[in-house]
Amino acid sequence: MRILHVVGARPNFMKTAPVMAEMARHPDRFEQLLVHTGQHYDYEMSEVFFRDLQMPRPDRFLEVGSGSHAEQTARVMVAFEPVVREWRPDWAVVVGDVNSTPACTLVCAKLGVPVAHVEAGLRSRDRTMPEEINRLVTDQLADLLLTPSRDADENLLREGVAPAKIRFVGNVMIDTLVANLAKAKARPIVAELGLNPGDYVLVTLHRPANVDDAGDLHEVLEALRALGERLPVVFPVHPRTRQSMGDATAAELSARIKLLDPLGYLDFIALLDAAGVVITDSGGLQEESTYLGVPCLTVRPNTERPVTITEGTNRLVARSREAIVAAAREAMKEAAREAGGGPGRRVPELWDGHAAERIVGVLAALMPDHRSASTTQAPATMRVRNV
Ligand code: UD1
């Protein structure tokens with residue numbers, strides 16, 4: 001079975017890595033091609049993840065770079081189409097919700113190549129988020145929808161997706177976290193930054209809604225500044241946020257809080273694991289903090305990952321200085337209480353480090369002459385287009 005994997009941007013790498021590693025354990029069944037669209041291209045936004053996650057080098061690098069949504073999406077499509085024509089995969093595997101995801105899905109759909117979408121079915125119901133548009137388009141066109149949580153199945157069914165296309169496989173990003181946690185904990189970064197475990201605030205911000213408008217960003221930065229008066233605050237800054245912040249603000253802010261360049265996977269997980277609270281607008285971080293039991297404040301009015309609130313450590317917080325400061329102080333107190341013998345963490349269903357095995361099992365079962373080396377039962381009633 002010829003499988004073409006697509007990666008493009010930072011949050012894709014930790015989702016594709018375990019699926020590729022699992023397929024590599026069955027070389028008799030799978031031939032793999034890794035395509036990197038080049039949506040992200042800086043060393044610390046891309047290359048460092050290949051090193052940290054020991055991923056194979058991309059077989060094709062499309063070098064599309066940055067641009068408006070239309071430009072970036074179109075460039076991915078134009079560059080990707082000849083690769084699909086030439087390599088003729090049996091299946092394409094796309095992950096997440098970045099622009100590369102619907103772009104490659106659309107190309108495959110037009111060429112009759114079936115697509116498996118890993119992390120299907122998540123919905124914020126907020127169409128001002130580019131990722132929500134990407135999720136809707138990808139899930140409409142994909143042939144196999146591999147979901148991380150039960151709410152995702154329900155979303156897809158409500159949209160009229162045929163049940164036979166949906167498989168609840170669990171959270172593949174947690175596979176990467178489980179596989180790398182010991183290595184991450186061994187990194188010296190927490191001590192090197194002069195931090196005490198449990199006693200600092202970790203921040204990431206990059207959503208256009210929070211960082212593109214100077215006034216909105218100012219509100220969040222004011223909160224960080226206030227927190228920085230009482231607590232260490234560590235903030236690896238995404239390039240989008242760095243541009244919006246400008247040099248003068250960055251210089252002034254760095255007197256109060258630790259502004260860092262974006263970090264690699266292992267260093268970041270080390271910082272997250274030992275944080276007292278994380279303040280973020282990232283999707284993946286809501287999940288990783290839930291798995292690790294670290295309180296998470298998500299600066300957004302909604303989330304496509306509600307299970308991190310109902311079963312995890314996540315809480316939505318308004319984009320206002322007062323709300324963020326009050327929630328962070330409260331979360332630090334709660335974290336301290338839990339460290340002293342609290343009820344312990346809960347982990348959502350099938351966030352167990354074995355999602356990639358289930359994904360590969362589902363795909364293996366679709367092979368024309370499948371015999372069942374998979375860990376998941378073959379879906380007998382699977383009716384997938386072009387298979
Ligand atoms: C993208 C994804 C978002 C994901 C995020 C993770 C879309 C629509 N958005 O947002 O879902 O959460 O990645 O990081 O796909 N830049 C660099 N170096 C790079 C990449 C980008 O400097 O390697 C700068 C460029 O100026 C670019 C800007 O960052 O214009 C934004 O990059 P872009 O890929 O458009 O969106 P992200 O904000 O990174």
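A closer look at the packing of aromatic side chains
For step 1, the next point in the chain: Considering all chains together, one arrives at 2 aromatic pairs under this definition.
For step 2, the next point in the chain: Taken together, the ring pairs connect Phe 13, Phe 49 and Phe 50 into an aromatic cluster.
For step 3, the next point in the chain: The ring of Trp 87 carries Arg 2 above its face, with NZ or CZ at 4.2 Å from the centroid.
For step 4, the next point in the chain: Positioned above the aromatic ring of Phe 50, the side-chain terminus of Arg 57 is 5.6 Å from the ring centre.

A short note on the site of the ligand
For step 1, the next point in the chain: Of all residues adjacent to the ligand, which total 19 residues, the nearest are Asn 99, Glu 131, His 206, Arg 240 and Gln 243.
For step 2, the next point in the chain: Taking Asn 99, its main chain carries an N or O atom lying 2.8 Å from an oxygen atom of the ligand.
For step 3, the next point in the chain: The side chain of His 238 places a nitrogen or oxygen atom 3.0 Å from an oxygen atom of the ligand.
For step 4, the next point in the chain: Notes on the ligand: free accessible area 750 Å², of which the protein chains cover 88%.
For step 5, the next point in the chain: Elements that contribute at least two residues to the shell around the ligand include exactly α1 (10-24), α3 (69-87) and α11 (239-253).
For step 6, the next point in the chain: Ranked by residues supplied to the shell around the ligand, first place goes to α11 with 3 residues.
For step 7, the next point in the chain: Residues that form the shell around the ligand fall into these classes: 5 nonpolar, 9 polar and 5 charged.

Here we look at helix α7 (residues 172-185)
For step 1, the next point in the chain: Relative to the 20 Å expected for 14 residues at 1.5 Å per residue, α7 spans 20 Å between its end C-alpha atoms, a close match to the ideal helical length.
For step 2, the next point in the chain: At Ala 179, α7 shows its largest kink, close to 45 degrees.
For step 3, the next point in the chain: Looking at α7, one finds that the buried residues are Val 172, Met 173, Ile 174, Asp 175, Thr 176, Leu 177, Asn 180, Leu 181 and Ala 184.
For step 4, the next point in the chain: The opening residue of α7, the one whose side-chain oxygen lies 2.9 Å from the backbone nitrogen of Met 173, is Asn 171.

A short note on the packing of α7 against helix α13 (residues 283-292)
For step 1, the next point in the chain: At a minimum axis separation of 10 Å, α7 and α13 run at an interaxial angle of 50 degrees. With respect to α13, the element α7 is oriented oblique. Between α7 and α13 lies a crossing of right-handed hand. Two secondary-structure elements touch here, α7 through Met 173, Ile 174, Leu 177, Val 178 and Leu 181 and α13 through Gly 284, Glu 287, Glu 288, Tyr 291 and Leu 292.

So, the pattern of salt bridges
For step 1, the next point in the chain: Overall, the coordinates contain 29 salt bridges when judged by the stated rule.
For step 2, the next point in the chain: Its salt-bridge partner being Arg 51, residue Asp 52 comes within 3.1 Å of it at the nearest N-O pair.
For step 3, the next point in the chain: Residue Arg 51 is classed as partly exposed on the basis of its relative accessible area of 48%.
For step 4, the next point in the chain: The residue Asp 267 makes a salt bridge to Arg 187 at a minimum N-O spacing of 2.9 Å. Within this pair, whereas Asp 267 is found in helix α12 (residues 265-273), its partner Arg 187 is found in the loop between α7 and α8 (189-192), the two being separated by 80 residues in sequence.
For step 5, the next point in the chain: Salt bridges sharing partners connect three or more residues here, namely Lys 15, Asp 97, Glu 119, Glu 132, Arg 135, Glu 287, Arg 300, Glu 304 and Arg 305.

Some thoughts on the sheet that holds strand β13 (residues 314-316)
For step 1, the next point in the chain: Judged by pairing direction, the sheet is parallel, and its 6 strands sit side by side in the order β10-β9-β8-β11-β12-β13 without closing on themselves. Looking at strand neighbours, the two that pair on one side only are β10 (258-260) and β13, the edges of this open sheet. Ignoring which end each strand starts from, the neighbouring axes of this sheet average 20 degrees apart.
For step 2, the next point in the chain: Bridge count for strand β9 (residues 233-236) against β10 is 3 bridges, and the pairing is parallel. Among the inter-strand pairings, Val 234 is bridged to a residue of β10, identified as Lys 258.
For step 3, the next point in the chain: Across the sheet, helix α10 (residues 214-228) is in contact with β8 (201-203), β9 and β11 (277-280); its angle to β9 comes to roughly 145 degrees.

Cut-offs and rules
Residues numbered from 1 in each chain as written. Predicted model: local features only at pLDDT ≥ 70, side-chain atom pairs only at ≥ 80, totals over all residues. Heavy atoms only, no water. Phe/Tyr/Trp six-rings, centres within 6.5 Å; stacked < 30°, edge-to-face > 60°. Lys NZ or Arg CZ within 6 Å of the ring centre and 35° of its normal. Near = heavy atom within 4 Å. Polar contact = N/O pair within 3.5 Å; in protein donor to acceptor, adjacent residues only side chain to side chain. Areas by Shrake-Rupley, 256 points an atom, 1.4 Å probe, with all protein chains shown as cover. Helix = DSSP H or I, 4+ residues; strand = E, 2+ residues; numbered from the N terminus. Nonpolar A, V, L, I, M, F, W, Y, C, P; charged D, E, K, R; others polar. Expected span 1.5 Å × (residues − 1). Bend = angle between axes of the 7 residues up to and from the residue. Buried < 20%, exposed > 50% of the residue type's maximum accessible area, 1.4 Å probe, protein only. Axes fitted to C-alpha atoms, helices over the stretch in contact; angles between N-to-C directions. Parallel < 35°, antiparallel > 145°, perpendicular 65-115°, else oblique. Left-handed = near helix turned anticlockwise from the far one by under 90°. Contact = heavy atoms within 4.5 Å. Salt bridge = Lys/Arg side-chain N within 4 Å of Asp/Glu carboxyl O. Pairing = 2+ DSSP bridges.

Nothing here speaks to function; it is geometry throughout.
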